[in-house]
Amino acid sequence: MTERRGLLIILSSPSGAGKSTLARRLREWDPSIAFSVSATTRTPRKGEVNGKDYHFTTTNDFKAQVIEGRMLEHAHVFGNFYGSPIGPVQDAINAGRDVLFDIDWQGAQQIRNSALGAHTLSIFLLPPSIEELHRRLVGRGQDDTATIERRMQKSWDEISHWDGYDFVLVNDDLDATENKLKSIVDATRLRRSQQPGLTDHVRALQAQFEDFS
Ligand code: ADP
Ligand code: 5GP
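Residues numbered from 1 in each chain as written. Chains lettered and ligands numbered in written order. Predicted model: local features only at pLDDT ≥ 70, side-chain atom pairs only at ≥ 80, totals over all residues. Heavy atoms only, no water.

Draft legend 1. Spotlight on the side chain of Arg189. Structurally, Arg189 can be placed in the loop between helix 7 (174-188) and helix 8 (198-212). Look at Arg189 and you get buried, because its relative accessible area is 13%. Here Arg189 is in contact with Arg4, Leu7, Trp29, Asp30, Ile33, Asp98, Gln194 and Gln195, once residues within four sequence places are set aside. (Helix = DSSP H or I, 4+ residues; strand = E, 2+ residues; numbered from the N terminus. Buried < 20%, exposed > 50% of the residue type's maximum accessible area, 1.4 Å probe, protein only. Contact = heavy atoms within 4.5 Å.)

Draft legend 2. Seen up close, the packing of helix 1 (residues 19-29) against helix 7. Two elements in contact, helix 1 and helix 7, have axes whose closest approach is 10 Å; the angle formed by their N-to-C orientations is 55°. Taken together, the axis directions place helix 1 and helix 7 in an arrangement best described as oblique. Pair helix 1 / helix 7 crosses with right-handed handedness. Side by side, helix 1 and helix 7 meet where Thr21, Leu22, Arg25, Leu26 and Trp29 of the first sit next to Leu174, Asp175, Thr177, Glu178, Leu181, Lys182, Val185 and Asp186 of the second. Taken together, the residues of the contact of helix 1 with helix 7 sort by class into six nonpolar, two polar and five charged. (Axes fitted to C-alpha atoms, helices over the stretch in contact; angles between N-to-C directions. Parallel < 35°, antiparallel > 145°, perpendicular 65-115°, else oblique. Left-handed = near helix turned anticlockwise from the far one by under 90°. Nonpolar A, V, L, I, M, F, W, Y, C, P; charged D, E, K, R; others polar.)

Draft legend 3. Up close: the site of ligand 1. Neighbouring ligand 1 are 14 residues; Gly16, Lys19, Ser20, Thr21 and Arg140 lie closest to it. Between Ser20 and ligand 1, the recorded distance is 2.5 Å, taken from a side-chain N or O atom to an oxygen atom. Here Arg140 contributes a side-chain N or O atom positioned 2.7 Å from an oxygen atom of ligand 1. Protein contacts shield 77% of the accessible area of ligand 1, which totals 570 Å² for the unbound molecule. Elements that contribute at least two residues to the shell around ligand 1 include exactly helix 1 and helix 5 (130-140). The element best represented in the shell around ligand 1 is helix 1, accounting for three residues. Here the residues of the shell around ligand 1 sort into three nonpolar, seven polar and four charged. (Near = heavy atom within 4 Å. Polar contact = N/O pair within 3.5 Å; in protein donor to acceptor, adjacent residues only side chain to side chain. Areas by Shrake-Rupley, 256 points an atom, 1.4 Å probe, with all protein chains shown as cover.)

Draft legend 4. Representation of the pattern of salt bridges. Applying the stated criterion across every chain, the model contains 16 salt bridges. Across the pair Arg42 and Glu48 runs a salt bridge, and its minimum N-O distance is 2.8 Å. Residue Glu178 is joined to Lys182 by a salt bridge in which the shortest nitrogen-to-oxygen separation is 3.0 Å. Of this pair, Glu178 and Lys182 both sit in helix 7, four residues apart, which is roughly one turn of the helix. Overall, Glu178 belongs to the buried group, its relative accessible area being 13%. The structure contains a network of salt bridges with shared partners spanning Arg42, Arg45, Glu48, Arg140, Asp143 and Arg151. (Salt bridge = Lys/Arg side-chain N within 4 Å of Asp/Glu carboxyl O.)

Right, dumping it as structure tokens:
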């Protein structure tokens, strides 16, 4: 009865709203959750580790992976290509592990419309205000002013897709958002579609019921 199917947990938000922070916390809470390491053509930021944060790659290699059908989804974001390699996702799901994606709305839409769509849980994070979003981007200290302005310009485009998601959280207090996120994951793991062992269990109950009466 413990058999379960892995979930594809998608976190999206405008840049700076807290996706990476909450993704990290969710995986600390349950280390069995695999993280989908995206491939990207953008240059690494200080401290980013190839193979852990992203698979940093060339445009030619990225395009080859798309043509060969090795990307579950892919998109062009902030002038660079980003995509989720399908192999590790399938391995994790087959082993009954959930996979967490930190991807934009285009990727979320593609996964929702894929063969794995029924096993997807999508969550959108909103900032409490635009001013606070800007403050967080600056406070993160990872981008220069021009990059921050570009991210701010794109933030409305991302926010405008908030209504395509299963759940929406306003990431005001970080601990409170983390707790809500955990509750959502806990509950979604109990979806009928995630518990393939239920059919056998109900059959066994039926047999017991017939013997009993
Ligand atoms: P994203 O991955 O969505 O671009 P990050 O997780 O990198 O965003 O968060 C951006 C910055 O905001 C980080 O410095 C992070 O520590 C901070 N942050 C995230 N959530 C909150 C919150 N609820 N309150 C205050 N600061 C936050
Ligand atoms: P960053 O460059 O800040 O790491 O990411 C920029 C944006 O690209 C973020 O919104 C992030 O969620 C998105 N992103 C990262 N990886 C992927 C991916 O594999 N696919 C898609 N569609 N978006 C991604």
